[in-house]
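Residue-level structural notes
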Amino acid sequence: MTRTLLYLLALVAVTLIIWQWNRGAQRRRFRRAFPATPDPAWAPEDDPFLAAFERAFALRRGWARRLPPAVTPMTVYLTLYPTHCVYDENEPARLLRALRARLGNALPPDPLTVPLGELATRWRAAPEAAVERNRP
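Let us look at the structure shown here. Note that the structure is predicted; figures quoted are calculated from it, not measured.

1. Some thoughts on the overall build of the protein chain
- Per the secondary structure count, the protein chain includes 6 helices and 0 strands.
- Secondary structure elements of the protein chain, listed N to C terminal, follow the sequence α-α-α-α-α-α.
- Expressed as a percentage of its 136 residues, the buried residues of the protein chain come to 39%.
- Taking the intrachain contacts of the protein chain between residues at least 6 apart in sequence as the baseline, contacts between residues at least 24 apart amount to 61%.
- Looking at the protein chain as shown, the accessible area adds up to about 8700 Å², and 62% of this sits on carbon and sulfur atoms.
- On the protein chain, the mean spot of the 20 positive side-chain charges and the mean spot of the 12 negative ones are 9 Å from each other.

Here it is, written out as structure tokens:
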């Protein structure tokens, strides 16, 4: 029984170490790829969209403001997960859910390849009825 508990404890510890190592690597790749200062092109009205983007991609608060409006969500995803990584669909799926909930029928055909500036503009222009309907 003790041996089993020690094995499970070691398994949990190694899993947490690998997870933390991976998150640190993603943060380093993000910091190398994008400037350390907020992009002045983002307006205060874009804050709700940028907050949703940060939640979808599990970025630290304020990091979405560092992204240039011309960058696409897929570019950010490929920055966090380079070619040698195992890809998952968590970040794009969370972003698509947030965009569908906010934009509804105004969602572009392939939203992951649309620049963030255009997505933010569509987010701001979403009708209030859709916003109220999709609010949790």
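2. Focus on the environment of Tyr81
- Residue placement: Tyr81 occurs in the loop between α3 (73-80) and α4 (90-103).
- In this structure the C-alpha to C-alpha distance between Tyr81 and Trp21, which are 60 residues apart in sequence, comes to 13 Å.
- In this view, Tyr81 contacts Gln26, Val86, Tyr87, Asp88 and Glu91; residues no more than four positions away in its chain are not counted.
- Here Gln26 takes part through its side chain, which lies 3.2 Å from a polar atom of the side chain of Tyr81.

3. As for the environment of Ala33
- Its location among the elements puts Ala33 in helix α1 (residues 2-33).
- Once the C-alpha coordinates of Ala33 and Thr79 are considered, the two residues, 46 residues apart in sequence, prove to be 7.2 Å apart.

4. Examining the pattern of salt bridges
- Overall, the coordinates contain 3 salt bridges when judged by the stated rule.
- Asp46 serves as the salt-bridge partner of Arg124, at 2.1 Å between the closest nitrogen and oxygen. With Arg124 in helix α5 (residues 116-124) and Asp46 in the loop between α1 and α2 (47-57), the pair connects residues that are 78 residues apart, well separated along the chain.
- Assessed through its relative accessible area of 38%, Arg124 is described here as partly exposed.
- Residue classification places Asp46 among the buried residues on the basis of a relative accessible area of 4%.
- Between Glu118 and Arg122 there is a salt bridge whose closest N-O contact spans 3.1 Å. Placement of both Glu118 and Arg122 in helix α5 is noted, with a separation of 4 residues, approximately one turn of the helix.

5. Comments concerning a positive patch on the surface
- There is a patch of like positive charges on the surface, built from Arg28, Arg31, Arg32 and Arg60.
- Structurally, Arg60 is set in the loop between α2 and α3.
- We classify Arg60 as partly exposed; its relative accessible area is 43%.

6. Here we look at the packing of aromatic side chains
- Applying the stated rule across the entire model yields 6 aromatic pairs.
- Taking the centre distance of 5.7 Å and the plane angle of 65 degrees together, the rings of Phe49 and Trp123 count as edge-to-face. Placement of Phe49 in helix α2 and of Trp123 in helix α5 is noted, with a sequence separation of 74 residues between them.
- Trp123 gets classed as buried once you look at its relative accessible area, which sits at 9%.
- Three or more aromatic residues joined by ring pairs form one cluster here, namely Phe49, Phe53, Phe57 and Trp123.

Conventions and cut-offs
- Residues numbered from 1 in each chain as written.
- Predicted model: local features only at pLDDT ≥ 70, side-chain atom pairs only at ≥ 80, totals over all residues.
- Heavy atoms only, no water.
- Helix = DSSP H or I, 4+ residues; strand = E, 2+ residues; numbered from the N terminus.
- Buried < 20%, exposed > 50% of the residue type's maximum accessible area, 1.4 Å probe, protein only.
- Contact = heavy atoms within 4.5 Å.
- Areas by Shrake-Rupley, 256 points an atom, 1.4 Å probe, with all protein chains shown as cover.
- Lys, Arg positive; Asp, Glu negative; His and termini not counted.
- Charge placed at Lys NZ, Arg CZ, Asp CG, Glu CD.
- Polar contact = N/O pair within 3.5 Å; in protein donor to acceptor, adjacent residues only side chain to side chain.
- Salt bridge = Lys/Arg side-chain N within 4 Å of Asp/Glu carboxyl O.
- Patch = residues over 30% accessible without salt bridge, like charges linked within 9 Å, V, L, I, M, F, W, Y side chains within 5 Å.
- Phe/Tyr/Trp six-rings, centres within 6.5 Å; stacked < 30°, edge-to-face > 60°.

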